[in-house]
Amino acid sequence: ETGVTQSPTHLIKTRGQQVTLRCSSQSGHNTVSWYQQALGQGPQFIFQYYREEENGRGNFPPRFSGLQFPNYSSELNVNALELDDSALYLCASSLQGTNEKLFFGSGTQLSVL
Amino acid sequence: EDKVVQSPLSLVVHEGDTVTLNCSYEVTNFRSLLWYKQEKKAPTFLFMLTSSGIEKKSGRLSSILDKKELFSILNITATQTGDSAVYLCAVGTDGGATNKLIFGTGTLLAVQP
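Residues numbered from 1 in each chain as written. Chains lettered and ligands numbered in written order. Predicted model: local features only at pLDDT ≥ 70, side-chain atom pairs only at ≥ 80, totals over all residues. Heavy atoms only, no water.

Caption draft 1: A look at the overall build of chain B. Of regular secondary structure, chain B possesses zero helices and 11 strands. In sequence order, the secondary structure elements of chain B are arranged as β-β-β-β-β-β-β-β-β-β-β. Here chain B has a C-alpha radius of gyration of 14 Å; the compact-globule value for 113 residues is 13 Å, and the two agree. Over its C-alpha atoms, taken along the principal directions, chain B stretches across nearly 45 × 30 × 20 Å. Within the span of chain B, comprising 113 residues, buried residues form 45% of the whole. Long-range contacts, defined as pairs at least 24 residues apart, comprise 55% of the intrachain contacts of chain B with a sequence gap of at least 6. Counting only carbon and sulfur atoms, one obtains 51% of the accessible surface of chain B, whose full area is about 5,400 Å². (Helix = DSSP H or I, 4+ residues; strand = E, 2+ residues; numbered from the N terminus. Rg over C-alpha atoms; globule rule 2.2 N^0.38 Å. Buried < 20%, exposed > 50% of the residue type's maximum accessible area, 1.4 Å probe, protein only. Contact = heavy atoms within 4.5 Å. Areas by Shrake-Rupley, 256 points an atom, 1.4 Å probe, with all protein chains shown as cover.)

Caption draft 2: A look at unusual backbone geometry. Residue P8(A) is bonded to the preceding S7(A) through a cis peptide linkage, with omega at -10 degrees. Of note, P8(A) is situated in the loop between β1 (5-7) and β2 (10-13). Following S7(B), the chain continues to P8(B) via a peptide bond in cis, the omega torsion being -10 degrees. One non-glycine residue, E52(A), adopts positive backbone phi at about 65 degrees.

Caption draft 3: Layout of the sheet that holds strand β8 (residues 71-76) of chain B. Residues and elements named next belong to chain B. Overall, antiparallel pairing links the five strands, which are arranged β1-β3-β8-β7-β6 in an open sheet. A strand with exactly one partner marks an edge of an open sheet, and here the two such strands are β1 (3-7) and β6 (56-58). Strand after strand, the sheet turns through a mean of 15 degrees between neighbouring axes, direction not considered. Two strands pair when backbone bridges link them, and strand β7 (residues 61-66) and β8 are joined in this way by six bridges, in the antiparallel orientation. Pairing of L61 across the sheet is with I76, part of β8. (Pairing = 2+ DSSP bridges. Axes fitted to C-alpha atoms, helices over the stretch in contact; angles between N-to-C directions.)

Caption draft 4: Spotlight on the packing of aromatic side chains. Under the definition given, this model contains 10 aromatic pairs over all chains. Consider the rings of F60(A) and F64(A), whose centres lie 5.1 Å apart with planes at 65 degrees: the pair is edge-to-face. F64(A) matches F60(A) in its accessibility class, with the two residues each being buried. Ring geometry for Y25(B) against F30(B): centres 4.8 Å apart, planes inclined by 20 degrees, an arrangement best described as stacked. Classification of Y25(B) as buried rests on a relative accessible area of 4%. One aromatic cluster in this structure is built from Y35(A), F45(A), F104(A), Y36(B), F45(B) and F103(B). (Phe/Tyr/Trp six-rings, centres within 6.5 Å; stacked < 30°, edge-to-face > 60°.)

Caption draft 5: Layout of the interface of chain A and chain B. Between chain A and chain B, the contact holds 27 residues from the first and 20 residues from the second. Taken together, chain A and chain B are joined by zero salt bridges. In this structure, the connection of chain A to chain B is made through three residue pairs in polar contact (both at pLDDT 80 or more). By residue number, the principal contributor to the side of chain A that touches chain B is strand β4 (residues 31-37) of chain A, which donates four residues. (Salt bridge = Lys/Arg side-chain N within 4 Å of Asp/Glu carboxyl O. Polar contact = N/O pair within 3.5 Å; in protein donor to acceptor, adjacent residues only side chain to side chain.)

What follows is the structure in structure tokens.
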């Protein structure tokens, strides 16, 4: 158990809809990163939040957006869902400025029909 | 473009066997290489390597990094059925988002009784 919790665990949406995924970071961790893991692939970096601001982004379109709250928890929002957005979405928490040793949650499995 | 390549993609062994998993990388501004184990959803941290030639060990697992040849190996001795999982290799780089990791596609290990 890493202490990182994500909700919901599973979600089914239809194309064009919007979705919000939530993450509570491990106690004491001030940085949250989000990753997308398609079936049979490794996780891909979406973005990272530190001090409630995005401070790094991968190759994902603007319809992927996020928030970080004062308690370091975070949300990932995806607008105008596409079939290819179907994936496991992983949240990871860490301490900024330390190293890349990330602690992952169990993810949200998103299916877009 | 930064990339991390793992081999083999999948592997089936019997309990008691020794396995070696490979990870090669081509990235700019290498900082660290990490190994994660993913059994169901949440990747769990195994090792982080930053220096060449220094073996990291944890029980039956060990790993080493070669920064000249740009690869790492993960060894598992006396395998058990509980070692069955996807093993992910990831590289952290300097610059941009501090905690961004670039993952390989993983090696699926199946240990048969």
